[in-house]
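Chain by chain, the residues:
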Amino acid sequence: MAKPFISLKNVRKVYRTKEVEFEALSDVTMEVGNGELVCLVGPSGCGKSTLLRVLAGLHPHDGGEVVIGNSEVPFNPRKDIGMVFQQPLLLKWRRVVENVLLPAEILGLPRKEARERAMYLLNMVGLSGFEDQYPYQLSGGMQQRAAIARALIHDPKLILMDEPFGALDALTREKMNLELLDIWQKSQKTILFVTHGIQEAVFLGTHVAVMSPSPARLADYFAIDLPHPRGLDIKTHENFGAYTRRIYKLLGM
């Protein structure tokens, strides 16, 4: 059996103030294989985003073990991870290609090679011809595609996506789901994707992790045995309905 790319063992995270102690994660254990697309779904405030921040080294964990590749994750932002948030967070005074290049500039990567990769990524996410536009000239979906290209510019091993399509309308969100699957298959990256959408989790994921109400525990973690490539018609597949009902039941719905 192949060694997991991500290994979480009994991970615990506690937020403390002078008055109160809040346990956000409690004994979270899971393994993610290289190249998988794992969707995390659960109630609001259950710790999904906290788990991503722990993996990114943005928050320390208070117990357990967090390993990516062959190394324990320290409390220090990692350079080999890309992050995509609910809002694109593009700098409005920089053109699209300059926004994509920002991580490369911060990391001091060779500019010529970085620009060539930026142009390749913009083409991959369907933004060829828009590289010299400013963010306000793009639709919300196009801005989020630029944010995905920015997350890939330094060729990270892992992409963490925190409800990246949550602010989009329903039709644009479905289109972005299709485009994300295409990007994932082309880039062959490992992706952890946080969502409140149960159908979205089943549609996108090779696996789904269902988080319990806070303090978050892993209520279930299972593979999605649906064929690739996936189109929207996969939602009529008998197994698609079975997976969504399984998640609804776990969430008490």
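Our subject is the structure that appears above.
Bear in mind that the values here come from a model prediction, so they are computed numbers and not experimental data. (Residues numbered from 1 in each chain as written. Predicted model: local features only at pLDDT ≥ 70, side-chain atom pairs only at ≥ 80, totals over all residues. Heavy atoms only, no water.)

**Student:** Looking at this structure, I do not really get the sheet that holds strand β1 (residues 6-16). What am I missing?
**Tutor:** Consider a sheet: its strands pair through backbone hydrogen bonds, and that pairing is either parallel or antiparallel. In spatial order, the strands read β2-β1-β4-β5; together these four strands make up an open sheet with antiparallel pairing. The open sheet has two free edges, formed respectively by β2 (21-32) and β5 (71-72), since each of these has just one partner strand. (Pairing = 2+ DSSP bridges. Helix = DSSP H or I, 4+ residues; strand = E, 2+ residues; numbered from the N terminus.)

**Student:** Could you clarify how one ought to interpret the state of the cysteines in this entry?
**Tutor:** Here a disulfide denotes a covalent bond joining the sulfur atom of one cysteine to the sulfur atom of another. In total, this model carries zero disulfides according to the counting rule given. The thiol of C39 is unpaired, and the distance to the nearest cysteine sulfur, on C46, comes to 14 Å. Given a relative accessible area of 0%, C39 falls into the buried group. With relative accessibility at 1%, the residue C46 sits in the buried group. (Disulfide = S-S within 2.5 Å. Buried < 20%, exposed > 50% of the residue type's maximum accessible area, 1.4 Å probe, protein only.)

**Student:** What is the right way to read the packing of aromatic side chains from this model?
**Tutor:** Given two aromatic rings, their pairing is described by the distance between the two centres and the angle made by the two planes. Taken as a whole and judged by the stated rule, the model has three aromatic pairs. With a centroid separation of 5.7 Å and 55° between ring planes, the pair formed by F165 and F193 is classed as tilted. Of this pair, F165 sits in the loop between β7 (158-162) and α5 (170-187) while F193 sits in strand β8 (residues 190-195), and the two are 28 residues apart along the sequence. Given the relative accessible area of 1%, F165 is considered buried. Taking 6.0 Å as the distance between ring centres and 15° as the angle between the ring planes, the aromatic pair formed by F222 and Y243 counts as stacked. You can see F222 sitting in strand β10 (residues 218-223) and its partner Y243 sitting in helix α7 (residues 238-250), a full 21 residues away along the chain. Both residues of the pair, F222 and Y243, count as buried. The ring of F203 has K235 lying over it, and the distance from NZ or CZ to the ring centre is 5.4 Å. (Phe/Tyr/Trp six-rings, centres within 6.5 Å; stacked < 30°, edge-to-face > 60°. Lys NZ or Arg CZ within 6 Å of the ring centre and 35° of its normal.)

**Student:** I tried to follow the layout of surface pockets on my own but got confused; where do I start?
**Tutor:** Looking at the largest pocket, its volume works out to about 520 Å³. Together, 17 residues line the largest pocket, and R78, I81, M83, P103 and H154 are the ones closest to its centre. The set of elements that each furnish at least two residues to the lining of the largest pocket consists of β6 (81-84), α2 (96-107) and α4 (140-152). Its residues assigned to classes, the lining of the largest pocket comprises 12 nonpolar, two polar and three charged. (1 Å grid on protein atoms, 1.4 Å probe; cavity = no way out; pocket = protein on both sides within 12 Å on 5 of 7 lines; lining within 4 Å. Points joined across faces, edges and corners; volume = space filled by probe spheres on them. Nonpolar A, V, L, I, M, F, W, Y, C, P; charged D, E, K, R; others polar.)

No statement about biological role is implied by the geometric values presented.
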